[in-house]
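Observations on the model geometry
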Amino acid sequence: MTLAHARLYLVAPARLATGDLAAAIPDLAAAGVDVVQLREKDRSPGDIQALAEPVLDACRETGIPFIVNDYPEVAAAVGADGVHVGQDDVAVPDARRVTGGIVGLSTHTRDQITAAMEVAPDYIAVGPVFATPTKPGRSSVGLDLVSFAAGAVEIPWFAIGGIDEETIEDVVAAGARRVVVVRAITHAPDPPAAAARLAAALPG
């Protein structure tokens, strides 16, 4: 699986509501998850590295890219496919020098999307489209920014933020062809089933 063909991108902690992320990855990949990012905001880099290793192994076995959130050095240490950084994290060129792999960048405004094209990440995330507890204190950007990205961005980009089975159709209607999902899968009673329904709502 490559970013160019990826549609459903899961951002998750090492443990889902139903069990370990690593153990769930084969079923999630079969259900339509194309990329997995490990996001552990309250852990030390050392802890994240230990948590990342079994997730990486599971992604390798299923053939999907594995991304580490925030820490290029952790991504490099475990041999991840890449790292995802925010506007206030390490710069994209620096992250690429450390990892030698994929670098994704969060964007929240039109200006940030335009600026991102100058630093050449491999993909961007656009959002949060809707309010979400995974981004406390950050206002939602709404569907207008999704529509802007659809007309302005030529690299792979993913809508992110509050996307679930109730909102995904509106996001697709606004122009998104790829989405990042967090709680709609990580908190689902049956994560693979939830992933399959979300994948089915995305354009082929």
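Residues numbered from 1 in each chain as written. Predicted model: local features only at pLDDT ≥ 70, side-chain atom pairs only at ≥ 80, totals over all residues. Heavy atoms only, no water.

1. Remarks on the pattern of salt bridges
Enumeration over the complete set of coordinates arrives at 7 salt bridges. Here D20 and R15 are joined by a salt bridge, their closest N and O atoms 2.9 Å apart. On the basis of relative accessible area, D20 is assigned to the partly exposed category, the value being 44%. Relative accessible area serves as the criterion here: at 54%, R15 is assigned to the exposed category. The salt bridge partner of R97 is D94, with a shortest N-O separation of 2.0 Å. Residue R97 and its partner D94 are both found in helix α4 (residues 92-99); the two are separated by 3 residues, about one turn of the helix. When its relative accessible area of 31% is taken as the criterion, D94 is described as partly exposed. (Salt bridge = Lys/Arg side-chain N within 4 Å of Asp/Glu carboxyl O. Buried < 20%, exposed > 50% of the residue type's maximum accessible area, 1.4 Å probe, protein only. Helix = DSSP H or I, 4+ residues; strand = E, 2+ residues; numbered from the N terminus.)

2. Side note on the pairing of strand β5 (residues 66-69)
Burial along β5 is two-sided: the residues F66 and V68 and I67 and N69 are all buried. Examined bridge by bridge, strand β4 (residues 35-38) and β5 share 3 bridges and lie parallel to one another. Opposite Q37, over in β5, you have I67 as the bridge partner. Once the chain exits β4 it traverses helix α2 (residues 45-62) before rejoining the sheet at β5, and the crossover so formed is right-handed. By the bridge criterion, 3 bridges tie β5 to strand β6 (residues 82-85) in an arrangement that is parallel. Within β6, the position partnered with I67 by the bridge is G82. In the classification by handedness, the crossover that spans β5, the intervening helix α3 (residues 72-78) and the parallel β6 is right-handed. (Pairing = 2+ DSSP bridges. Right-handed = clockwise from strand over helix to strand, strands pointing away.)

3. Notes on unusual backbone geometry
Cis geometry marks the peptide bond from G127 to P128; its omega dihedral reads 0 degrees. Mapped onto the elements of the fold, P128 is located in the loop between β8 (123-126) and α6 (143-152). In this model, D70 sits at a positive phi of 80 degrees, which is unusual for a non-glycine residue. For D70, the location among the structural elements is in the loop between β5 and α3. Phi is positive for A120, which is not a glycine, with a value near 60 degrees. With respect to the helices, strands and loops of the structure, A120 is situated in the loop between α5 (110-119) and β8. The exposure class assigned to A120 is partly exposed, which follows from its relative accessible area of 43%.

4. As for α4
Within the sequence span of α4, burial applies to V92, A95 and T99. For α4, the buried positions fall inside an angular range of 60 degrees around the axis, keeping them on one side. In the segment just after α4, G100 is the residue with positive phi, at about 70 degrees. (Arc of directions from axis to C-beta.)

5. Digging into the sheet that holds β6
Ordered in space as β1-β4-β5-β6-β7-β8-β9-β10, the 8 strands form a closed barrel in which the pairing is parallel. When strand polarity is set aside, the average angle formed by the axes of neighbouring strands in this sheet is 25 degrees. For strand β1 (residues 8-12) and β4, the ladder comprises 4 bridges, and the chain directions are parallel. The residue bridging A12 from the neighbouring strand is L38, located in β4. (Axes fitted to C-alpha atoms, helices over the stretch in contact; angles between N-to-C directions.)

6. As for the side chain of T99
Along the chain, T99 turns up in helix α4. On the accessibility criterion, T99 (19% relative accessible area) is buried. Only 3.2 Å separates the side chain of T99 from the backbone nitrogen of G101, close enough to count as a polar contact. The contact partners of T99, leaving out residues within four places of it in the chain, are P72, A75, A76 and V83. (Polar contact = N/O pair within 3.5 Å; in protein donor to acceptor, adjacent residues only side chain to side chain. Contact = heavy atoms within 4.5 Å.)

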